[in-house]
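Residue strings, one per chain:
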Amino acid sequence: MRIRSKPLLAVVAAAVLMLPMAQVSAATAATFYASPAGAGSSCTQAAPCSLAGAQSAVRAKLAADPGADVQVLLADGTYQLASTWKFTAADSGSAGHPVVWRAAPGAVPVISGATRVTGWTQEGSAWSAPVPAGSATRQVYVDGKAVPVARATLADLGWNGSWTGSSTGYSINGDANAKAWFGARTASEVARVEFDYPGGNGPWTESRCPVASYSASTATLTMAQPCWTNVTNRAGFSQGSGGLPSMSVSTKPTRVDNARALLSPGEWFLDAAANKLYYQPESWQQMQNLDVQLPRLESLLQGAGTLANPLHDVTFTGLQFSYATWNDPSRPAGFSDVQSNLRITEGRNQGMCTFANPAGSCPWGALTQPLANVAFTATSNVSLTGNRFVNLGGAGLSVMYGARNTLIQGNEFTDIASTALLLGCTYDPTPTNAGEAQGIKNHCTPDPAAVSGDSIGLNEILTNTTVSNNVIHHIGTEYSSACGITLLFSRGTKITNNVLYDLPYTAITAGVIQGHVDQASTPQNSTNINENNTISNNLFHDYMSVRQDGGAIYVEGHQAGYVNKTDGTIDPVATLAKGLQVKGNVAFNGRSTNFTYYDDAGAEWINWEGNVAFSAGGSAQGGCSPTGHFWIRNNYFSAPVQSYPCAAPVDTNASGNVSIPATPGPSHIPASILAAAGLTSAYVALPNAGAPQVRYISPTNATQVLIGGHGFTATTPVYVKNVRVTGVQFVSGGFLVVPIPAGTTTADIRVGDGSGGPVTPGRIDNTDSRIAYSGFTLQSGRTFGDLNGDIHFATANGSTATLTFTGTGIAVYGEQNTDQGNLGISIDGGTQQTVSTIPTDGVRHANVAVYTRTGLTAGTHTIVVTKLSGSYAVLDGFAVTSSSPATTRLDDTDSRIAYSGFTLQSGRTFGDLNGDIHFATANGSTATLTFTGTGIAVYGEQNTDQGNLGISIDGGTQQTVSTIPTDGVRHANVAVYTRTGLTAGTHTIVVTKLSGNYAVLDGFAVTSA
């Protein structure tokens, strides 16, 4: 038993509280209010201000009372910014008294850089609307979702690709259809076209270049410069430990973007010259009902101090940052991708330093990084907690240039065009080099003039950043080489307990490009200030879904400050302690992974310890031409370690690693590691954690399965063949252990109740494999409230959906809308009934039961749903009702259980439900539950330090139950007593400790008819 006496610390704390305390004057408090329609300067709840007005009120309060506790409550709604919301040192709080900008209770304030587009007019199959003069964007959002710009592949356009490349562009004389298409475009139309090159500069890249012009007389496309040279003719460099290749000039684009002539359903085009936005709606969309957002701003929130006078002690919590763009890739430099969204914009030898001839810019690897739509520089004690970064066109959030003690916690980052989180700057690996000071100011701050007086040295290092309990998914939506988190140069960074999934490339990178001139033979060509950084207890899954040559964690370059012994040699123990600590991370479903834990070019001083990798690539750990000094200890891997296909490292030390199957079950990985990875307990049930989704189920030829994914909570239901499972072990927000009956298949298992909240018992989604369709098509990604965001629809009359089910009733779930008509429904070949799905109020109703039948005889039945009329028929699944009993598990923490003499113990790792139990040491201790049902099971533990329980129901004779195991082994979360056949109604059970050192209760399971 993990039962401890009162810790000494608590006794000491109690003693301290008894000492006399000096009088401390409390800080004054002030609360200001803001709303989207706010105005004036009162900033009261009755008369709220605008954001600018609230900011002025805060500054005035702080000037008059510097130590005040100040907060601003933002009301619900969208705050449409006219310009960047800027914070400077004047907006700072004081130590222990931060200025807090937070959502008002129940509010979701959206900080937006967009304008809603209205006034639509149909023009053929597309619609157009006026937009403000000067509008420029690379993103448009419809009903809260990014929609693609007008685009097509060469094959879509009937182009044969008989192109000849050159240093300036292409000759397309051999492609008649391409010649005709470009010949029909005006010069300004051609100059808007962009070509996309996935994998063009290596399989980890996706470069894009604009077209500059087209000459009809020579059938020549001239590409924009410097993009074309930067993509196709990069400078070579000496002593390389990894290639950064140029793309062949003969490479044809995979896709053509940004021309009105390319418009297809669901796409947009902005005619900036005419100040018009075009959109071609999907067949199910009605233009007048759509919410179309056109981003105008590139920067939503900018916090920027100076090194001498930083912005400090400010907190942002509960806000949503949305609808900003990033237009630089549309300019002549394009998107010349090098790695992880770092790109060349300043010439073919940018960042090559003295390793190229002629020399390029220094320091080595000083490439251009993405613009972040929310950015902080020269700050101290800034916190961003519980926010959402969603629908953004650049990177989500960046922190760099001397920022200290930044907390990034409990946020969600999703639907972001570039990387979610960017930490550090490419220009500051060695800020103590005086010659690099101006480059740092020019490239690592939003306004070099504002920091012109800064003296740069160790004070410029990004220090003590904590990134914890964030959820990062669906990023890199436009720039697919984006990493979830990009860590450049820093000290004391802690990236811990985050969840990252659905990523096109690497989940976390620590070091990009910087190691490409370092390896075992040349370990000191580039240096940096990295030390004391940690990447721990994160959960990664479904990464590397688009690009190749990456992993869950990818590392390059120096990762430690060296510690020397008295004889001048490196102290390996002390240096490793300052190196990169990669511990307790869990990764699975890496789709195109070379190495799950990837120490690549020049990587050195890394401790890979206690990590997990399965179903995640050819090698669990290794890389190409690293420098070395790696320790790989006590990991659980399904693939080999120490895989170095290029030049070998100086040293690599592996010990205690455990080989596990590629598809491990519950017994293959310690529950303690799975439980510690991903969100901690305080965050698993918060909205930013998302709805439960399953991405892994271990083989079902066992009595229990390991389920992996995200969004799980202690109360997440699990169903097998639509029967709720009891005895589910909640391991963490990413893992469940589920008992299953013999004969279960993966398709039989469903976790959660769908995106629309709890579903009707027996609900079967429209994607269930048991439904047979004829003429119906799946549509995913809907936002109307369908179960799991998808439906099947049909346009042809006579289309059918058929389900064979076992039960006593059935409901058909679909949609009511004005473009629909009648359904025909028959059961067991009986008379077809006609059901109308046209709403009486003229409004769409999604995920509704359009037909219900009860009173069927218990047994197997077949229902057929047929489209009879209307433009569409929609099916969102079925709900089967049955007379079989249902069982509900109650955890020991359930408030309905009354305890006497029992104590809660949390954080156990033996497999208890939700990791907790109640225990008692005194005989006579009781646990009492009043329940309604026909059966009850008592869940507890069998162990050698336990004894007998006494159990009575409704005051009847007490039965004695032994909890001592016959095999002498602990069995947690087991039913130690079961009673069935009670009369339907309310009963009371009392569990009493009779003997043994301990009695353990892990809850009950109630069965109802």
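Residues numbered from 1 in each chain as written. Predicted model: local features only at pLDDT ≥ 70, side-chain atom pairs only at ≥ 80, totals over all residues. Heavy atoms only, no water.

**As for the overall build of the protein chain**
Worth spelling out the cut-off: The helix and strand labels rest on DSSP assignments: H or I over at least four residues marks a helix, E over at least two residues marks a strand, and numbering proceeds from the N terminus. Each radius of gyration reported is based on C-alpha atoms, and the globular scaling rule is 2.2 Å times the count of residues to the power 0.38. The cut-offs for exposure are 20% and 50% of the maximum accessible area for each residue type, with area from a 1.4 Å probe on protein chains only; residues under the lower value are buried, those over the upper are exposed, and the others partly exposed. In this analysis, two residues are considered to be in contact whenever any of their non-hydrogen atoms come within 4.5 Å of each other. Each accessible area is a Shrake-Rupley result for a 1.4 Å probe, and residues are judged covered by the shown protein chains and nothing else. By the counting rule applied here, Lys and Arg register as positive and Asp and Glu as negative, while His and the ends of each chain are not counted. All charge positions are set by atom: Lys at NZ, Arg at CZ, Asp at CG, Glu at CD.
Scanning the protein chain from terminus to terminus reveals 8 helices and 83 strands. Relative to a compact globule of 1009 residues, whose C-alpha radius of gyration would be 30 Å, the protein chain shows 31 Å and is just as compact. For the protein chain, the spread of C-alpha atoms along the three principal axes comes to 95 × 85 × 65 Å. Relative to its full complement of 1009 residues, the protein chain shows a buried share of 56%. In the protein chain, of all internal contacts separated by at least 6 residues, the share reaching a separation of at least 24 is 74%. When the accessible surface of the protein chain is summed, it comes to about 37600 Å², and 52% of that surface belongs to carbon and sulfur atoms. One way to put it: in the protein chain the 51 positive side-chain charges average out to a point 2 Å from where the 64 negative ones average out.

**Remarks on the sheet that holds strand β8 (residues 121-123)**
Just so we agree on the cut-off: The rule for pairing is simple: two strands pair if DSSP sees at least two bridges between them. Fitting a line to C-alpha atoms yields each axis, with helices limited to the stretch in contact; the angle taken between N-to-C directions then spans 0 to 180 degrees.
Ordered in space as β8-β9-β20-β19, the 4 strands form an open sheet in which the pairing is antiparallel. Single-partner strands in this sheet number two, and they are β8 and β19 (267-271). The mean angle between the axes of side-by-side strands here comes to 30 degrees, regardless of whether they run parallel or antiparallel. Bridge count for strand β9 (residues 126-130) against strand β20 (residues 276-280) is 4 bridges, and the pairing is antiparallel. Considered in β20, the bridge of S128 is made with Y278.

**A look at the packing of aromatic side chains**
Which entries qualify depends on this criterion: Stacked, tilted and edge-to-face are the three classes applied to pairs of Phe, Tyr and Trp rings, where Trp contributes its six-membered ring and a pair requires centres within 6.5 Å; stacked means planes under 30 degrees apart, edge-to-face means over 60, and tilted covers the rest. A ring is scored as having a charge over it whenever the NZ atom of a lysine or the CZ atom of an arginine sits within 6 Å of its centre and within 35 degrees of its normal.
Taken as a whole, this structure holds 40 aromatic pairs when the rule is applied. Between the aromatic rings of W159 and F182, the centroid separation amounts to 5.5 Å while the plane-to-plane angle is 45 degrees, which identifies the pairing as tilted. You can see W159 sitting in the loop between β12 (151-153) and β13 (164-165) and its partner F182 sitting in helix α3 (residues 176-183), a full 23 residues away along the chain. In this structure an aromatic cluster arises from ring pairing among W159, W163, Y170, W181, F182, F195, Y197, Y214 and W228. Over the ring of Y813 we find R763; its NZ or CZ atom is 3.7 Å from the centre of that ring. If you follow R889 out to its NZ or CZ, it ends over the ring of Y939, 3.7 Å from the centre.

**Looking at the pattern of salt bridges**
How we decide: Each reported salt bridge corresponds to a side-chain nitrogen of Lys or Arg within 4 Å of a carboxyl oxygen of Asp or Glu.
Throughout the structure, instances matching the rule amount to 32 salt bridges. D196 is the salt-bridge partner of R208, the closest N and O atoms lying 3.8 Å from each other. Residue R208 is found in strand β16 (residues 206-215), and its partner D196 is found in strand β15 (residues 194-198); the two are separated by 12 residues along the sequence. A single burial state applies to R208 and to D196, both of which are buried. Overlapping salt bridges bring together R138, R151, E194, D196, E206, R208, R255, D257, E478 and R547 as one network.

**Quick notes on unusual backbone geometry**
A cis amide bond links N357 with the next residue in sequence, P358, at an omega value of 5 degrees. Its place among the elements puts P358 in the loop between β26 (342-344) and β27 (372-377). Backbone torsion omega between C362 and P363 reads 5 degrees, so that peptide bond is classified as cis. With respect to the element layout, P363 can be found in the loop between β26 and β27. With a phi angle near 60 degrees, N469 is a residue other than glycine that sits in the positive phi range. Mapped onto the secondary structure, N469 falls in the loop between β35 (466-468) and β36 (471-475). Owing to a relative accessible area of 7%, N469 belongs among the buried residues under this scheme. For N973, which is not glycine, the phi torsion reads 55 degrees and is therefore positive.

**Concerning the side chain of R234**
The line we're drawing: Two N or O atoms form a polar contact when they lie within 3.5 Å of each other; inside protein one atom must be a possible hydrogen donor and the other a possible acceptor, and for residues adjacent in sequence the pair counts only when both atoms belong to side chains.
Along the chain, R234 falls in the loop between α5 (227-232) and β18 (255-257). No salt bridge forms around the buried R234; measuring N to O, its nearest opposite-charge neighbour D337 is 6.4 Å away. A polar atom in the side chain of R234 sits 2.6 Å from the backbone oxygen of D337. Residues in contact with R234, not counting those within four places in the same chain, are N201, S207, T229, L244, P245, S246, S336, D337, V338, I344 and R348.

**Brief notes about the nonpolar core**
Rules: Here, nonpolar core means buried Ala, Val, Leu, Ile, Met, Phe, Trp, Tyr and Cys residues that are tied together by side-chain atoms lying within 4.5 Å of each other.
Residues W101, L397 and L423 are the most contacted members of the largest nonpolar core, which totals 83 residues. Here the element with the most residues in this core is helix α2 (residues 51-64); it accounts for 5 residues. The residues touching L423, leaving out its near neighbours within four places in the chain, are V399, I408, L462, T465, V467, I485, T486, L487, L488, F489, T493 and I495. One finds Y501, L539, L679 and F735 within the second-largest nonpolar core, a separate group that totals 37 residues.

**Digging into the sheet that holds β18**
Pairing is antiparallel across the open sheet formed by 7 strands, whose spatial order is β12-β18-β15-β16-β17-β14-β13. The open sheet terminates on both sides in strands that have one partner only, identified here as β12 and β13. Where β15 meets β18, 3 bridges bridge the pair, whose relative direction is antiparallel. Pairing of F195 across the sheet is with V256, part of β18.

**Considerations on the state of the cysteines**
As used here, a disulfide is simply a covalent bond connecting the sulfur atoms of two cysteines. Operational definition: Cysteine sulfurs are considered disulfide-paired once they come within 2.5 Å of each other.
Per the stated rule, a full pass over the model turns up 5 disulfides. Put simply, C209 and C227 are joined by a disulfide, and their sulfur atoms are 2.0 Å apart. Around the S-S axis, the bridge from C209 to C227 shows a dihedral of about -95 degrees and counts as left-handed. Here C209, found in strand β16, pairs with C227, found in helix α5; they are 18 residues apart in sequence, far enough to count as distant. Of the two residues, C209 and C227, both sit in the buried class.

Purely spatial values, then, with no claim about function.
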